[in-house]
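Spelled out from the first residue to the last, the chains are:
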Amino acid sequence: MAYRYLYPDLNAEMPEKKNVLEHTPNPASKEMIGRLEELGVETALDRFEAQQPQCGFGLRGLCCRMCQWGPCRIGPKSPRGICGRDLNMVVMSNIVRSLVAGLAGHGRHAHEVIMAIIASAEGKADLPLLGEARVWELAEKFKLEVAGKSFREMAEEVALVLLEDLGRLDDRPIRMLEAYAPVERKELWSRLGVLPRSATYEVMETLHMTTLGGCSDWTALAAQELRSALAYCYSTLFASSMATEILYGIPRPRPAQVNYGVMREDHVNILLHGHSPVMAEKVLEKINSPEIQALARQAGAGGIVVAGMCCTGDELLARYGVPTVTNILGQELALGTGAVDLLVADMQCVIPGVKTVADCFGTEVVTTCNSNRIPGATHIPFDAERPETLDEDALKVARLAVEAFARRDRSKVHIPKVVASAMAGWSYEAIVEAFGGVDRLLQLLKEGSIKGIATVVLSTVAAVRNVDPAYLKVAQNFGSSQRDILVKVVIPAAFPYITIGLHIALGAAWVFLVAGEMMGVRSGLGFLIIDARNQLRTELVVVGILVIGLLGLFLDRLIGYLEKKLNTRWGLEKYRYRAGEEG
């Protein structure tokens, strides 16, 4: 049995160090990688190299660890596992289990912010409720009775609906899905039998189905994957986003500075890391208090810099312009500056390696979520169901930062002097408002004032930046002109990425074109369908839908045909290959 794979790099998530050094556009990351390598401090990039070659079975999803009989490796010599599972079952089981792991993680996040709303509404926690517009919107969407009820009462009632969506076990629909999913999508999902109950139920059902002696039909697991994906969206992602906006308001655009250079050598530097903003917001409040500011001055600090990493950092960036330093792959590099006095980590995206690097530079690490413990770190947890000590705990975290600054080894400080300007906080409401409202946006589309397809631009820019420098050097050594390098090297090398952008952009453009015709003009296929519906001309509605689908299919296939022809002409088909070694 032979297996065909599209790309030579099976592990698409983790880059090699040399690739990061070659392709990252951030000079600060390059600088910090070199510095930590010089100091002999291990990072994720080093551990990745130490793991090479990684297990081919695991990379391809052909390793099964669903029970204690395994692990089993599916390949030509053993096409079935000990229990009899074949390749389809093993791969599908791994996919759906990976998905519900993410579903569980986002569910835990949603649970914390929902419970924080309830605690605030009941007066048990000193937390804001700034998203009044979001509360009334959801109350209307959920068809809740609002007469005679205060804002705080409605906030709690909305939160209880979100909480029920998160953990419902009976066969009722997710109310967020009922409120926000398009009608035609809901009808399709109902016909397919993939409407979910809740995040909790789908996690339980997936683990049940994939355990030894559970489901043996991979198509049923594929349906469960779709069901879990819908729960992921409407039970957890929507819920956590809406709940956060109820607590802290809807983001608005604001300028900010980002990158490692936002930290300052003579300041207390605090990084807020993770996913849930509740504890981070409270710590930010205490850091700005007169008490902590005075303590910082007494310790000899010129001030306090608060910066973010990962999603907690992005929340603070979007709402307050708090600078963010880096993402999940750069978290160890940020600690390697030696300037971070305190890392406050709540849940998710916090890798164990941060403590190892933190210990090398004397950084204090505080964990604030019971779901995330790091050996050796100070644990000061926030529990949304027991929030009585929240203010006291946040003040304790802020004091730890100042104390760590006083102990800092100044000889180890190395902050790359690289910053960049950013404009963050582009919520849906902010985008629509920037264009003058939905009607104005549709009018601009109709007039053709909005032109270009962002996905094509972004994918093309990324592709050109990632052209292997060796190709360019070889072309230059052979005396190629700038035009020849562009036409014969850069465009062929970037072409696969450009076609990906075209495929994505075509779908989006086609949808928006038809939607615009339905809502803002009196011509075109979209208008034909709406007009025919109003006149009860069912046959024209069906013909219009078929023509739209066929034209979309034709355009997609045309791009695919051109892609195949040019791939063959430029020799890019070599990237489709048959895997050799199975181990």
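Above this text sits the structure in question.
A brief report on the enclosed structure follows. (Residues numbered from 1 in each chain as written. Predicted model: local features only at pLDDT ≥ 70, side-chain atom pairs only at ≥ 80, totals over all residues. Heavy atoms only, no water.)

## As for the overall build of the protein
Keep this limit in mind: Where helices and strands are cited, they refer to DSSP runs of H or I of at least four residues and of E of at least two residues respectively, numbered from the N terminus. The classification of residues rests on relative accessible area computed with a 1.4 Å probe and restricted to protein chains. Under 20% of the type maximum is buried, over 50% is exposed, and intermediate values are partly exposed. We call two residues in contact when some of their heavy atoms are within 4.5 Å. Here, Shrake-Rupley sampling with a 1.4 Å probe gives the accessible areas, and only protein chains in the shown set may cover a residue.
Tallying secondary structure elements over the protein gives 24 helices and 12 strands in all. Split into buried and exposed, the 583 residues of the protein put 45% on the buried side. Expressed as a percentage of contacts within the protein between residues at least 6 apart in sequence, the contacts between residues at least 24 apart total 71%. Accessible surface, the protein as shown: approximately 29,900 Å² in total, 58% of it carbon and sulfur.

## Looking at the nonpolar core
Put simply, the test is: For the purposes of this section, nonpolar cores are sets of buried Ala, Val, Leu, Ile, Met, Phe, Trp, Tyr and Cys residues that join through side-chain atoms within 4.5 Å.
If you look at the biggest cluster of nonpolar residues, it comprises 78 residues, and the most contacted ones within it are Ile114, Phe142, Val158 and Ile270. Excluding residues within four positions of it along the chain, valine 158 makes contact with Val135, Leu138, Ala139, Phe142, Leu144 and Ile246. Formed by 35 residues, the second largest nonpolar core is a distinct cluster that contains Met309, Val340, Phe361 and Val418.

## Some thoughts on the sheet that holds strand β7 (residues 324–326)
Keep this limit in mind: A pair of strands is treated as paired once DSSP finds two or more bridges between them.
Judged by pairing direction, the sheet is parallel, and its six strands sit side by side in the order β7-β6-β5-β8-β9-β10 without closing on themselves. Single-partner strands in this sheet number two, and they are β7 and β10 (378–379). Here strand β6 (residues 304–309) pairs with β7 via two bridges, running parallel. By the bridge assignment for β7, glycine 308 is matched with threonine 324.

## Observations concerning the environment of phenylalanine 361
Relative to the assigned elements, phenylalanine 361 resides in helix α16 (residues 353–361). When its relative accessible area of 6% is taken as the criterion, phenylalanine 361 is described as buried. On a C-alpha basis, the gap between phenylalanine 361 and lysine 412 in space is 6.9 Å, while along the polypeptide they are 51 residues apart. In contact with phenylalanine 361, not counting residues within four places along its chain, are Leu36, Leu39, Val41, Leu335, Gly336, Gly338 and Lys412.

## A short note on the packing of aromatic side chains
Note the threshold: When two rings of Phe, Tyr or Trp (its six-membered ring) have centres within 6.5 Å they constitute a pair, described as stacked for plane angles under 30 degrees, edge-to-face for angles over 60, and tilted for the intermediate range. In this scheme, Lys NZ or Arg CZ marks a charge over a ring once it lies within 6 Å of the ring centre and within 35 degrees of the ring normal.
If you walk through the whole model with that rule in mind, you get three aromatic pairs. Taking the centre distance of 5.0 Å and the plane angle of 55 degrees together, the rings of tyrosine 234 and phenylalanine 238 count as tilted. With tyrosine 234 and phenylalanine 238 both in helix α11 (residues 218–248), this residue pair falls four residues apart, about one helical turn. Judged by relative accessible area, which is 8%, tyrosine 234 ranks as buried. On the basis of relative accessible area, phenylalanine 238 is assigned to the partly exposed category, the value being 27%. An aromatic cluster is defined as three or more aromatic residues linked by ring pairs; in this entry it consists of Tyr180, Trp189, Tyr234 and Phe238. A cation over a ring is seen here: arginine 197 above tyrosine 201, with NZ or CZ 4.4 Å from the ring centre. A cation over a ring is seen here: arginine 410 above phenylalanine 405, with NZ or CZ 4.4 Å from the ring centre.

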